[in-house]
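# Summary of structural features
Residues per chain, in single letters:
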Amino acid sequence: MSLNRKYIPIVVTILLFIIMFVAGSFRYTGFFSLQVLMNLLIDNAFLLITAVGMSFVILSGGIDLSVGSMIALSTMVSASLVQQHGWPPVVVIPLVLLMGAAFGSGMGAIIHYFKIQPFIVTLAGMFMARGLCYVISIDTITIDNSFYTAVAQTKITLPGGSFISISAIIALIVAAVAIYTAHYTRFGRNVYALGGSEQSSLLMGLPVARTKIMVYTLSGLCSALAGVVFTFYMLSGYGLHAVGFELDTIAAVVIGGTLLTGGVGYVLGTFFGVLIQGVIQTIISFEGTLSSWWTKIVIGLLLFIFILLQRVLSARGSSLKR
Amino acid sequence: MGKIYKHHLFWPLSVLAALLLFNLFYSPDFFSITMHDGHLYGSLIDILNFGAPLILVAIGMTLVVATKGIDLSVGSIVAISGAIACLTISKGADQNVMGLILTSVLIAVGLSLFLGAWNGLLVSVGGIQPIIATLILMVAGRGIAQLVTGGQIITVTSAKYAYLGSGSLATLPFSIFVVAAVLVIALLLTRKTALGLFIESVGCNPSASLMSGIRANGVILSVYVFCGLCAGIAGLLLSSNVSSADGNNAGLWYELDAILAVVIGGTSLNGGRFYLTGTVIGALIIQTLTTTIYMIGVPPEITLVVKAFVVLAVCLIQSDSFWAVFASRWKTRHYPGEKEGIHHVS
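Residues numbered from 1 in each chain as written. Chains lettered and ligands numbered in written order. Predicted model: local features only at pLDDT ≥ 70, side-chain atom pairs only at ≥ 80, totals over all residues. Heavy atoms only, no water.

## Concerning the overall build of chain B
Along chain B, the regular secondary structure elements total 15 helices and 6 strands. Scaling as 2.2 N^0.38, a compact globule of 346 residues should have a C-alpha radius of gyration of about 20 Å, and chain B matches this with 21 Å. With respect to the three principal axes, the spread of C-alpha positions in chain B is 80 × 55 × 35 Å. Taken across its 346 residues, chain B has 52% of its residues classed as buried. Counting only contacts in chain B whose residues sit at least 6 apart along the sequence, the fraction spanning at least 24 positions is 75%. Counting only carbon and sulfur atoms, one obtains 69% of the accessible surface of chain B, whose full area is about 15,500 Å². Taken as two groups, the 15 positive and 13 negative side-chain charges of chain B have centres that lie 14 Å from each other. (Helix = DSSP H or I, 4+ residues; strand = E, 2+ residues; numbered from the N terminus. Rg over C-alpha atoms; globule rule 2.2 N^0.38 Å. Buried < 20%, exposed > 50% of the residue type's maximum accessible area, 1.4 Å probe, protein only. Contact = heavy atoms within 4.5 Å. Areas by Shrake-Rupley, 256 points an atom, 1.4 Å probe, with all protein chains shown as cover. Lys, Arg positive; Asp, Glu negative; His and termini not counted. Charge placed at Lys NZ, Arg CZ, Asp CG, Glu CD.)

Below you can see the structure in the form of structure tokens.
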């Protein structure tokens, strides 16, 4: 085996995506087209953006449960400010992003300085953000602002006749920037080091506090951005948007081959993890007779397989070390 | 006496007392208990009755948390258990036959035991992080519950099944007795046998426990099975209270409320010492909070914001670093050695 062991999970993820896509293409007519592939990106743009932020959190050895609620809060704040207060989108969107980043950094600071588990702090953040949605309004706020509808309806035609939405392009840019950040910047290395061992990073003199807070800030920013994209997608703000979304995101990251103990994984894997979730949904909608709950069961099954795979691989790794 | 605030029940009890005191001033009706047709009615009874499933789930969760684990799948198990019981009953010709009710309850309980064992095996033998191992069942379990109910709400018209969650025994809701029974069994098992010590030991250090002759895997497996059982019974209570099973929403967010109750009760998520009575009080706090918010007419959705602050406050109170920050601020004298000590606590 010339393949480096650390690449096995990500190779499995990519192979699985290809196999599922090919299987779908053979089974259903009209499945094998560039447009279906593009639709995967269009329909899962917000999932991709959130999952990218989550990848950094998980790589650093933490977890962020607040992402789904943050998305809902972003849609709610955008909708309320644009629709009910008549603010221009140019002001609202940066404001929402800033809010997400501030929210994330607040959670990061509590996690770091008071040494409370990320699970509990982000759980509180999740309740808080979801509750704040209802403080704004209990009902759906529909957006008919010209800027939002224009962005939502814009289709960028690609050579070959297929099209892609602005949201998908934003998601692709986010993923590309994240891959660069994770592997070619000092911050990225710090995140991996922190996930490997916090104690060692501290002893090595790495900026643990800054990195940790930055990671949660980044995740907050990403989920706020995902919220903005979600607003384009749904054209409404609602407190029940993206309920349970944090689990989809974590599942995408795990299926992408990232170890939940931190320190191991690739943002590219997350990208394919998101696409695999998209393919499952597409296959189920093509099948027609299957109900939506099969998505959950299949994703649960995939989670199980990937966790087992990681377990086997890491067990082999540790036995080698001995 | 000066150390009373150090007692593990001090903070949970004071929060509960503060909530009740608020209600006493805000709505004096809160404490009135009336008698109708041999049943007791009142807000306090409601809190106990509606809080029963949460208390059950939280009791199971406490033991899991004590082993440094966490069980995210309880909400899904609640849904599956209720769904399978209602499905079995709805298939029967006469829904009031005692045999049918017993069969359905047994199937539901058996299935929850199996699901708990699945979690336990993944964590103990599989050696997978508890959050992840139970995440599988949390995601897939919700799907399974929806599969069982066909995505719809299964309604049953069985008076005998409804008794479980809404009937009353000796003027009190029957569910209270179920909770009390489970609590007493759990307390006896953990405090009167060595099992409690084993659980705490495994939570503190699994490998050291193994070295000292405790079968860590067996202990971990059994707490997850117990947690599954508690969630299963909670699912039965919940579904029988409304005589229907909803695969989509039953038990949704129960895992979070249960973890919250455990943490409020003083059990640390880092494993080790656990407090079953604290957990029960924690669950009662959550339920009282919900009832209070309903009663004072604030939109019930605001509960979430209040809960967020309660979680944060409780965690900060329990955090050593939080107190260290204040301690170092209030102190006038500093010793060089002390400073290092604070920084090395992790």
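Alright, that's what it looks like, and here's the rest.
## Looking at the pattern of salt bridges
All names here are of chain B. All told, the structure shown has 3 salt bridges over all chains when counted by the stated rule. A salt bridge links Glu200 to Arg191, with the shortest nitrogen-to-oxygen separation between them at 3.6 Å. Classification of Glu200 as buried rests on a relative accessible area of 11%. The shortest N-O distance in the salt bridge between Arg273 and Glu200 comes to 3.5 Å. In this pair, Arg273 sits in the loop between helix H11 (254-264) and helix H12 (276-295) while Glu200 sits in helix H8 (residues 195-204), placing the two residues 73 residues apart along the sequence. Taking the relative accessible area as the measure of exposure, Arg273 reaches 53% and is therefore exposed. (Salt bridge = Lys/Arg side-chain N within 4 Å of Asp/Glu carboxyl O.)

## Here we look at the packing of helix H2 (residues 43-66) of chain B against helix H7 (residues 174-192) of chain B
Residue and element names in this part refer to chain B. One way to put it is that H2 packs onto H7 with a least axis distance of 9 Å and a crossing angle of 20 degrees. Viewed along their axes, H2 and H7 adopt a mutual orientation that is roughly parallel. In the packing of H2 onto H7, the handedness of the crossing is left-handed. Here Leu48, Asn49, Ala52, Ile55, Leu56, Ile59 and Leu63 of H2 lie close against H7, whose contacting residues are Ser175, Ile176, Val178, Val179, Val182, Leu183, Ala186 and Thr190. A class-by-class count of the residues in the contact of H2 with H7 yields 12 nonpolar, 3 polar and no charged. (Axes fitted to C-alpha atoms, helices over the stretch in contact; angles between N-to-C directions. Parallel < 35°, antiparallel > 145°, perpendicular 65-115°, else oblique. Left-handed = near helix turned anticlockwise from the far one by under 90°. Nonpolar A, V, L, I, M, F, W, Y, C, P; charged D, E, K, R; others polar.)

## Quick word on helix H11 (residues 208-234) of chain A
Taking 1.5 Å of rise per residue, the 27 residues of H11(A) would be expected to cover 39 Å, and the 38 Å separating its terminal C-alpha atoms lies within 8% of that figure. Immediately downstream of H11(A), the backbone of Leu235(A) shows phi near 55 degrees, a positive value. (Expected span 1.5 Å × (residues − 1).)

## Topic: the interface of chain B and chain A
With 48 residues of chain B at the contact, the number on the chain A side is 39 residues. A buried area of about 3,800 Å², summed over both sides, lies between chain B and chain A, and 84% of it is on carbon and sulfur atoms. Seen at the junction of chain B and chain A, the total is 0 salt bridges. Counting across the interface, chain B meets chain A through 0 residue pairs in polar contact (both at pLDDT 80 or more). Breaking the side of chain B that touches chain A down by element, the ones donating at least two residues are helix H4 (98-124), helix H5 (130-149), H11, helix H13 (303-318) and helix H14 (320-330) of chain B. Tallying contributions element by element places H5(B) first for the side of chain B that touches chain A, with 12 residues. (Buried area = accessible area lost by both parts, 1.4 Å probe. Polar contact = N/O pair within 3.5 Å; in protein donor to acceptor, adjacent residues only side chain to side chain.)

## Looking at the UniProt feature "transmembrane region" (unreviewed entry) in chain A
Residue and element names in this part refer to chain A. Mapped onto the present numbering, the UniProt feature "transmembrane region" (unreviewed entry) falls at residues 7-26, 46-79, 91-114, 120-142, 163-182, 213-235, 247-273 and 293-313. The annotated region residues 7-26 carries 95% helix and 0% strand content, and the separation between its end C-alpha atoms amounts to 28 Å. Along residues 91-114 one finds 96% helix and 0% strand; the C-alpha atoms at either end are 34 Å apart. (UniProt positions renumbered as here; feature names shortened; annotations may be inferred.)

## Digging into the side chain of Thr50(A)
Considering the arrangement of structural elements, one finds Thr50(A) in helix H3 (residues 45-59). Not counting residues up to four positions away in its chain, the partners in contact with Thr50(A) are Val67(A), Ile71(A), Ser223(A), Ala226(A), Phe245(A) and Thr249(A).

## Details of the side chain of Asn44(A)
Residue and element names in this part refer to chain A. By secondary structure assignment, the location of Asn44 is in the loop between helix H2 (34-43) and H3. On the basis of relative accessibility, which here comes to 7%, the residue Asn44 falls in the buried class. Among all residues touching Asn44, those that are not within four sequence positions of it are Asn39, Val274, Gly278 and Gln281.

## With respect to the packing of H11(B) against H12(B)
Residue and element names in this part refer to chain B. At their nearest, the axes of H11 and H12 sit 7 Å apart, and the two run at 125 degrees to each other. Of the possible angle classes, the one that applies to H11 and H12 is oblique. Considering how the two elements wind past one another, H11 and H12 form a crossing that is right-handed. Contact residues: Asp257, Leu260, Ala261, Val262 and Ile264 in H11; Thr279, Gly282, Ala283, Ile285 and Ile286 in H12. Split by residue class, the contact of H11 with H12 holds 7 nonpolar, 2 polar and 1 charged.

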